[in-house]
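Residues per chain are reported as follows:
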Amino acid sequence: MSTLLTYISIQDGKVKRSSLETLARCNELAEQSGRKSAALVISDQAGKSAELLAGCGADVIYTMEHPIFKNHLNTPLLRALSAAMDVVKPDLLAFASTEGSKDLLGALAANRGAAALADVSEFELTDDGVSAKRPVMASKIIASVQAKGWPVLVSVRSGSYDTATGTTDPGIEEIPFAFEEADLRITLKEILSATGDKIDLSEAETVIAAGRGVKDEEGRKLIEELADVLHAGVGASRALTEAGAYDASLQIGQTGKVISPQLYIGVGISGAIQHVAGMTNSKVIVAINKDPDAPIFEIADYGLVGDLYKILPPFIEELKKIKG
Amino acid sequence: MKFYVCIKQVPDVNAPLQIKDGELIQDSDRNIMNAYDASALEEAIVMKEAHGGEIEAVLIGPEKARETIRKALAMGADSGTLIQTDENTDFDSLGYASLLAAFFRDKEYDYILCGKQSQDTDAGLTGSMLAELLGLPYVTNAVGITVQNEKLMVKRQGDTGQEIIETSSPALITCSNDMNDPRIPSLKGIMQSKRKPVDTIPASELSAAEMSEPKTRVHGFSEKPAREPGKKFEGEPAEIAAQVAQLLDSAENVI
Ligand SMILES: Cc1cc2nc3c(=O)[nH]c(=O)nc-3n(C[C@H](O)[C@H](O)[C@H](O)COP(=O)(O)OP(=O)(O)OC[C@H]3O[C@@H](n4cnc5c(N)ncnc54)[C@H](O)[C@@H]3O)c2cc1C
Ligand SMILES: Nc1ncnc2c1ncn2[C@@H]1O[C@H](COP(=O)(O)O)[C@@H](O)[C@H]1O
């Protein structure tokens, strides 16, 4: 029986939600097409990580464990993925679209002679491959795309599917992996970790996004307060990550992250298409902007026209009352 | 150091467009250098200015894409190559990567720089495909590069933080536009660009050995489903703030 294989990303000891969304879709397609659904965990503690996947609905979990996987490095990961494909011989290898998987997808496709569809928002199996939808032109347009011939590699935008649930306890199979440090062709010198204990934007239920209208320390404090009341993740437009006011990993949009929260509140953001590309999947969009013609109001469910410095304090107070 | 920068001409995503019978129609023929490639080129120019070297821009595209090579030369590339295709050929990322690989096969270089993705398709595949086809180590999504003893220290934006990665030549790097602000060509740059050499190679000359049937195909375009129109609140800040906060709770249940 052929297999649909989902690569599971683990971050800070937790399975990424977007990986579980991708796995859920593969579970569903496996069931429909009479295939097996398998999860693949590649990590320095793969055995332990696999336990996090109990009840994920997959038929089997493959693990590959090696100390080299402690940090993201493309050379060993590519080698591991290629070895896993030799063992599992999947029809499909699916990734959640993350900076980690974006680093691997093209090279793996070239290495395996496989078709690759990056950053899809929907995918379907056909008789001889995969058909999918992917946003293009800064997400203004949806392209229908097709990949022919097995295996196919896809990466899936976060928020495209609900997360996986199941009742069965999948069996765990370890795939052996050997790697010599000497084979590393690039050297990881240092990791500058910015997020620390902050909320992961791509998984947050609520996101507050700050734009150029947030001009100063006072504005950033208001953003922080609003985020605290709502237990929200804080993101930013490029105008502010470029200016250094917020860390680059917090950028939302075409260059930055794609988010899919229940609630997005854009504060002092104009709504350029490249920003909107990263947040139109939000369930409810709130925008605060003093320019009544700002493009963000075209997509906002709730548009507050006015000065953010005057709107945020009473908004925060009211939310505190509701929450309190 | 010898740098190659792979640049692509893309339609301007800000220009109005329509869909007719599943085809994408640009109202204007506005084409630009892919923003991520402009950042890659800018970074190469900065490195050359500080450490010396040579920069060649390579572009696969039809005759009209020559203007994008001219722009690269005006910014500061030393020479360019147009790998010329017919007006309407469109490859997938593997197609472009295979053609580029055929071009680079007999070339000598220190670093190949690409954009991290095409601004129009957001595929983000060509760079690492090309690296794999050429057997080169690579780093994607660079947001900063410094040179140390002919080696590059590349700062890459990862999922949660930034990774500093050291690469020695030859290697391939894909660049984010978060790296720099590409310069606008000066008048002098534009004048000088007219004397810089541009080589033209028909794609068919390179493709025979390398290209296979495309594995992926676009077979139609559609509008993104529109969001329900929302409501705008204007007036006294405290009033509209309270009103919306209440609605997020009672009507939307999202707080
Ligand atoms: C290839 C490419 C990729 C890109 N990728 C991204 C990306 O990933 N993410 C991204 O965000 N951008 C991206 N951009 C940039 C994007 O085009 C915009 O330049 C950027 O999003 C603008 O940020 P902004 O809305 O904060 O700033 P602006 O466009 O300057 O808007 C500021 C807004 O704040 C409002 N304002 C000012 N003061 C106040 C106040 N006191 N109260 C209320 N409102 C106020 C103004 O009315 C204005 O609408 C990309 C661009 C390119 C070319
Ligand atoms: N036609 C082309 N000519 C030159 N380089 C290209 C071409 N197409 C893609 N590239 C390179 O690959 C990157 C984009 O890859 P992708 O997103 O897969 O299309 C660009 O930023 C360029 O560096």
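The subject of this paragraph is the overall build of chain B. Along chain B, the regular secondary structure elements total 7 helices and 15 strands. Judged by the C-alpha coordinates and their principal axes, chain B covers about 65 × 45 × 40 Å. When each of the 255 residues of chain B is scored for burial, the buried share is 54%. Intrachain contacts of chain B at a sequence separation of at least 6 include 70% that bridge at least 24 residues. A total accessible area of about 11,400 Å² is found for chain B, and carbon and sulfur atoms account for 47% of it. Taken as two groups, the 26 positive and 41 negative side-chain charges of chain B have centres that lie 4 Å from each other.

With respect to the secondary-structure elements, B:Gln246 resides in helix H7 (residues 237–250). What makes B:Gln246 partly exposed here is its relative accessible area of 36%. Separated by 198 residues in sequence, B:Gln246 and B:Lys48 place their C-alpha atoms 57 Å apart. Reaching out from B:Gln246, the side chain makes a polar contact with the side chain of A:Glu318 at a distance of 2.6 Å.

What follows deals with the environment of A:Val130. All names here are of chain A. With respect to the helices and strands, Val 130 occurs in strand S9 (residues 129–136). The exposure class assigned to Val 130 is buried, which follows from its relative accessible area of 0%. On a C-alpha basis, the gap between Val 130 and Leu 117 in space is 8.8 Å, while along the polypeptide they are 13 residues apart.

With that settled, the discussion passes to the sheet that holds strand S11 (residues 161–167) of chain B. Read from one edge to the other, the open sheet built from 10 strands follows the order S13(A)-S11(B)-S10(B)-S9(B)-S12(B)-S8(B)-S1(B)-S6(B)-S7(B)-S13(B), with strand pairing classed as mixed. Of all strands in the sheet, those with a lone pairing partner are strand S13 (187–193) of chain A together with strand S13 (198–202) of chain B, marking the two edges. Looking at each pair of strands side by side, their axes are set apart by 30° on average, direction ignored. With 6 bridges joining them, strand S10 (residues 151–157) of chain B and S11(B) adopt antiparallel strand pairing. Paired with B:Lys155 across the two strands is B:Ile164, which belongs to S11(B).

Quick look at the site of ligand 2 now. All names here are of chain B. Surrounding ligand 2, one finds 18 residues, the nearest of these being Cys 6, Asp 37, Ser 118, Gly 124 and Thr 126. Between ligand 2 and Ser 93 there is a distance of 2.8 Å, counted from an oxygen atom to a side-chain nitrogen or oxygen. Within the contact set of ligand 2, an oxygen atom lies 2.9 Å away from a backbone nitrogen or oxygen of Leu 125. Protein chains bury 99% of the 480 Å² of accessible surface belonging to ligand 2 in isolation. The set of elements that each furnish at least two residues to the shell around ligand 2 consists of strand S6 (54–61), helix H3 (93–104) and strand S8 (111–115). Among the elements that line the shell around ligand 2, the one with the most residues is S6, at 3 residues. When grouped by side-chain class, the residues that make up the shell around ligand 2 number 9 nonpolar, 7 polar and 2 charged.

Let's shift gears to the site of ligand 1. Not every one of the 30 residues close to ligand 1 is listed here, only the nearest: A:Arg212, A:Ser237, A:Ile252, A:Ser270 and A:Asn289. Around ligand 1 the close residues trace back to chains A and B. A:Ser270 places a polar side-chain atom, nitrogen or oxygen, 2.7 Å from an oxygen atom of ligand 1. Burial of ligand 1 by the protein amounts to 82% of the accessible area it has alone, namely 1,000 Å². Residue assignment for the shell around ligand 1 shows that the elements contributing at least two residues are helix H7 (238–242), helix H8 (273–276) and helix H9 (308–323) of chain A together with helix H1 (35–51) of chain B.

We now examine the interface of chain B and chain A. If you look at the interface, chain B gives 80 residues, while chain A gives 85 residues. Summed over both partners, the interface of chain B with chain A buries about 7,100 Å², with 54% contributed by carbon and sulfur atoms. Counting every contact that joins chain B to chain A gives 3 salt bridges. The partner of A:Asp301 in a salt bridge is B:Arg227, and the shortest N-O contact between them spans 3.1 Å. Put simply, chain B and chain A have 48 residue pairs in polar contact (both at pLDDT 80 or more) between them. Considering each element in turn, the side of chain B that touches chain A owes the most residues, 11 residues, to H7(B). Class assignment for the residues of the side of chain B that touches chain A results in 34 nonpolar, 24 polar and 22 charged.

Rules used throughout
- Residues numbered from 1 in each chain as written.
- Chains lettered and ligands numbered in written order.
- Predicted model: local features only at pLDDT ≥ 70, side-chain atom pairs only at ≥ 80, totals over all residues.
- Heavy atoms only, no water.
- Helix = DSSP H or I, 4+ residues; strand = E, 2+ residues; numbered from the N terminus.
- Buried < 20%, exposed > 50% of the residue type's maximum accessible area, 1.4 Å probe, protein only.
- Contact = heavy atoms within 4.5 Å.
- Areas by Shrake-Rupley, 256 points an atom, 1.4 Å probe, with all protein chains shown as cover.
- Lys, Arg positive; Asp, Glu negative; His and termini not counted.
- Charge placed at Lys NZ, Arg CZ, Asp CG, Glu CD.
- Polar contact = N/O pair within 3.5 Å; in protein donor to acceptor, adjacent residues only side chain to side chain.
- Pairing = 2+ DSSP bridges.
- Axes fitted to C-alpha atoms, helices over the stretch in contact; angles between N-to-C directions.
- Near = heavy atom within 4 Å.
- Nonpolar A, V, L, I, M, F, W, Y, C, P; charged D, E, K, R; others polar.
- Buried area = accessible area lost by both parts, 1.4 Å probe.
- Salt bridge = Lys/Arg side-chain N within 4 Å of Asp/Glu carboxyl O.

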